[in-house]
Amino acid sequence: MVADFDEHVDQFRHRTLGDAGPFTLVAADALTMKVREGGRVIGAVVLVTTGVNADGRREILGLPVVASEITAAWNCFFADLVATNLMSVTPKSMWPAVKAMLHSGYDQPDADAVHAQFDRLLEYVDEKLPDTHKYLDTARADIPAFTGFPKASANRPGRTTRTNG
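Treat the numbers as computed from the prediction; the structure is a model and nothing was measured.

Chemist: Residue-level account of the nonpolar core, with values.
Modeler: Within soluble globular proteins, side chains that are nonpolar tend to cluster in buried spots. Judged by nonpolar contacts, the single largest core of 17 residues is most densely connected at V98, L102, L121, L136 and I143. For this core, the secondary structure elements donating two or more residues are helix 2 (71-87), helix 3 (95-106) and helix 4 (111-125). In this structure L121 touches V98, M101, L102 and L136, once residues within four positions along its chain are discounted. Judged by nonpolar contacts, the second largest core, of 10 residues, contains A30, V45, L61 and W74.

Shown next as C-alpha cells:
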C-alpha cells in the first residue's frame with residue numbers, strides 16, 4: 001500500500017504546473033508538526049505553497065517536509081517548483097546537467113552572480129536545447145527574482161527582516 005502511495009506522491013511532485021497556471025497569486029507558509037522517523041517522534045516543517053490562477057482556482061504547488069525553516073530549504077523548494085516545469089521541455093538525458101546549473105544559480109552569493117550563472121545556463125542550452133532555452137529566456141525575469149528580496153535575519157534564519165523608513 002505504501003509503495004502505491006509513494007508512486008502517487010512522486011507523480012504529484014513531478015507534474016507540470018503549466019496547465020493549472022499561470023498563477024496570479026502565490027502564497028507560501030510553513031507548518032511545524034511532529035512526525036515519526038526511525039521509531040521516534042521528531043519536529044519537522046512542512047513548506048506549503050498554494051497558487052491561485054486567473055479563474056480563482058487554487059492549486060497546491062508543493063508540500064515538502066524539511067528539518068527546519070531556513071533560507072536554503074525555501075530556495076531549494078522554489079528551485080524545484082521551477083524545475084518541475086522546466087523538466088517538461090528538457091530531454092531526460094540532459095536533465096541532470098540543466099537542473100544542476102539551474103540550482104547552482106540559487107547558491108550564488110549576490111544578485112550579479114545569480115544573473116551571471118543564469119546567463120551561463122542560457123548559453124549552455126542555446127543551440128542544443130532550443131525548447132529549454134525558450135522556456136528559460138521567457139522566464140528570465142521571474143526565475144532570479146528572489147535576488148530582490150530582503151536578506152534573512154541573522155537571528156531567525158529563513159525569515160526576512162523589515163525596517164521602517
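There is more to say after this.
Chemist: Give a detailed account of the environment of P91, specifying residues and quantitative values.
Modeler: On the secondary structure map, P91 appears in the loop between helix 2 and helix 3. As a C-alpha pair, P91 and D131 span 40 residues in sequence and 9.6 Å in three-dimensional space.

Chemist: Let's hear about the packing of helix 3 against helix 4: which residues, and what values?
Modeler: Where helix 3 contacts helix 4, the two axes come as close as 8 Å, and the packing angle between them is 165 degrees. As summarised for this structure, helix 3 and helix 4 are arranged roughly antiparallel, according to the angle between their axes. In terms of crossing hand, the pair formed by helix 3 and helix 4 is left-handed. Across the interface between the two elements, A97, V98, M101, L102, S104 and G105 of helix 3 pack against V114, Q117, R120, L121, Y124 and V125 of helix 4.

Chemist: An account of the side chain of H133 is requested, with residue identities and associated values reported.
Modeler: Tracing the backbone shows H133 in helix 5 (residues 130-138). The class for H133 is buried, based on a relative accessible area of 19%. Leave out the neighbours within four places in its chain, and H133 touches L122, V125 and D126.

Chemist: Summarise the pairing of strand 1 (residues 23-37); cite the residues concerned and give the values.
Modeler: Here strand 1 runs beside strand 2 (residues 40-53); their pairing, made up of 14 bridges, is antiparallel. Directly across from M33, in strand 2, lies its bridge partner A44. Linking two consecutive strands that pair antiparallel, namely strand 1 and strand 2, is a turn of two residues; a positive phi of about 60 degrees is found at G38 within it.

Reading the values: rules and limits
Residues numbered from 1 in each chain as written. Predicted model: local features only at pLDDT ≥ 70, side-chain atom pairs only at ≥ 80, totals over all residues. Heavy atoms only, no water. Core = buried A, V, L, I, M, F, W, Y, C linked by side-chain atoms within 4.5 Å. Buried < 20%, exposed > 50% of the residue type's maximum accessible area, 1.4 Å probe, protein only. Helix = DSSP H or I, 4+ residues; strand = E, 2+ residues; numbered from the N terminus. Contact = heavy atoms within 4.5 Å. Axes fitted to C-alpha atoms, helices over the stretch in contact; angles between N-to-C directions. Parallel < 35°, antiparallel > 145°, perpendicular 65-115°, else oblique. Left-handed = near helix turned anticlockwise from the far one by under 90°. Pairing = 2+ DSSP bridges.

Without other data, these values stay purely geometric and don't point to any function.
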